[in-house]
Amino acid sequence: MSEKPNIVLVHGAWADGSCWSAVIESLQADGYTVTAPQFPETSLAADVARLRQVLRRQTGPTVVVGHSYGGQIMTSLGTESDGVAALVYVAAFALDEGESLGALLGGGPPTPALAHLIVDEQGCAWLPEEDFVGHFAAGVDPDRARVLCAVQQGLSMSTFEDVMGVPAWKSHPSFYLVAQHDEAIPPDAQRMFAQRMGARTVEASSGHLAMVSHPAEVVALIEDAAEAVRRSSGESAAVA
């Protein structure tokens, strides 16, 4: 039997690694080695560099899990993704080659969570507390949502213009959790991402922050991906 793969959790925009707390606790209790780093969100290149830094510290195969913009980060690993064994998208962007977040989001009216972005003098976008609590964190206890709002990180507006190269999901098995009541990324867009990736897909009756409001469903999908990796590794070892 192969050992359990590592789990690396990639937070999205207007968040930090603490958003994964409930997921981390469950995965650690089940014997997984988990890393949930902080991403600077000053540029997509800086975020991808941070992810590569973390991946180099892993020993053995790794399942990378991304939420929201975190999906953009891990997808941008492209063909240079040594050690990555599977990708898990949680209400996350999964762009294809030649696409950008700006073009995708500009194809229709802004979603309720993103309708009133505040852009500061350094070109970073922030969510007003009312929109964060009422829409971005819909379904999360309001007191908890306000704490999450307090630790949000601004996202560089440059990330909306970055054009995707060859996406990492074209060379890795992918899994997707659709948040059915998402007010940041439309659920139908999530289903489109999952379908064209050929991802194993589940749906949760959650808002955008599924890992906060529905951690059990998120953990279950991550562990399904990890088990698929473990089986694959075991089969490869048996053949060798």
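Scroll up for the structure.
Remember, it's a predicted structure, so these values are computed and weren't measured experimentally.

Mind laying out empty space enclosed by the protein, listing which residues take part and the relevant values?
Per the counting criterion, the structure on display carries two cavities of 30 Å³ or more. There is about 90 Å³ of room inside the largest cavity. Around the largest cavity, the lining is made up of 14 residues, and of these A13, W14, S68, F93 and L114 lie nearest the centre. In this structure, the second largest cavity occupies an estimated 50 Å³ of space. Around the second largest cavity sit W14, A15, D16, C19, F132, L148, V151 and L209, which together line it. Taken together, the residues of the lining of the second largest cavity break down into seven nonpolar, no polar and one charged.

Any chance you could break down helix α1 (residues 21–29) for me, citing the residues and the numbers?
Every buried residue of α1 is accounted for by V23, I24 and L27. Burial along α1 is one-sided: seen end-on, the buried residues are contained in an arc of 100°. Exposed residues pointing more than 90 degrees away from the buried face of α1 are listed as E25 and A29. Downstream of α1 by a residue or two, G31 has a phi angle that is positive, lying close to 90°.

I'd like to hear about the packing of helix α5 (residues 129–136) against helix α6 (residues 142–150), residue by residue, with values.
Relative orientation of the contacting elements α5 and α6 amounts to 130°, with a least axis distance of 9 Å. Relative to α6, the element α5 lies oblique. As α5 runs across α6, the sense of the crossing is right-handed. Two secondary-structure elements touch here, α5 through E129, F132 and V133 and α6 through P142, A145, R146, L148 and C149. Among the residues forming the contact of α5 with α6, the class breakdown is six nonpolar, no polar and two charged.

Lay out the layout of surface pockets in plain terms, naming residues and giving numbers.
There is about 200 Å³ of room inside the largest pocket. What lines the largest pocket is a set of 13 residues, among which L104, L105, P109, T111 and P186 lie closest to the centre. Of the residues that constitute the lining of the largest pocket, the class distribution is 10 nonpolar, three polar and no charged.

Account for unusual backbone geometry, naming residues and giving values.
With phi around 55°, S68 is a residue other than glycine that occupies positive phi space. Here S68 shows up in the loop between β3 (62–67) and α3 (69–75). Of note in the backbone geometry, A91 takes a positive phi value of approximately 45° without being a glycine. Along the chain, A91 turns up in the loop between β4 (84–90) and α4 (101–105). Judged by relative accessible area, A91 falls into the buried class, the value being 0%.

Just give me the short version of the pairing of β4, but keep the residues and values in it.
By the criterion of burial, β4 is predominantly enclosed, with seven of the seven residues buried. Note that β3 and β4 share six bridges and pair parallel. In the strand pairing of β4, V64 is matched with L87. Running through α3, the crossover from β3 to the neighbouring parallel element β4 is right-handed.

Could you give an account of the sheet that holds strand β2 (residues 34–35), with specific residues and numbers?
Read across the sheet, six strands follow the order β2-β1-β3-β4-β8-β9 without closing on themselves; strand pairing throughout is parallel. The open sheet has two free edges, formed respectively by β2 and β9 (200–204), since each of these has just one partner strand. Against the sheet, helix α2 (residues 44–56) makes contact with β1 (6–10), β2, β3 and β4, and its axis sits at roughly 165° relative to β1, the strand it touches most.

Describe the sheet that holds strand β6 (residues 124–126), listing the residues and the values that go with them.
With respect to topology, three strands assemble into an open sheet ordered β5-β6-β7, the strand pairing being antiparallel. Looking at strand neighbours, the two that pair on one side only are β5 (118–119) and β7 (155–156), the edges of this open sheet.

Parameters at a glance
Residues numbered from 1 in each chain as written. Predicted model: local features only at pLDDT ≥ 70, side-chain atom pairs only at ≥ 80, totals over all residues. Heavy atoms only, no water. 1 Å grid on protein atoms, 1.4 Å probe; cavity = no way out; pocket = protein on both sides within 12 Å on 5 of 7 lines; lining within 4 Å. Points joined across faces, edges and corners; volume = space filled by probe spheres on them. Nonpolar A, V, L, I, M, F, W, Y, C, P; charged D, E, K, R; others polar. Buried < 20%, exposed > 50% of the residue type's maximum accessible area, 1.4 Å probe, protein only. Helix = DSSP H or I, 4+ residues; strand = E, 2+ residues; numbered from the N terminus. Arc of directions from axis to C-beta. Axes fitted to C-alpha atoms, helices over the stretch in contact; angles between N-to-C directions. Parallel < 35°, antiparallel > 145°, perpendicular 65-115°, else oblique. Left-handed = near helix turned anticlockwise from the far one by under 90°. Contact = heavy atoms within 4.5 Å. Pairing = 2+ DSSP bridges. Right-handed = clockwise from strand over helix to strand, strands pointing away.

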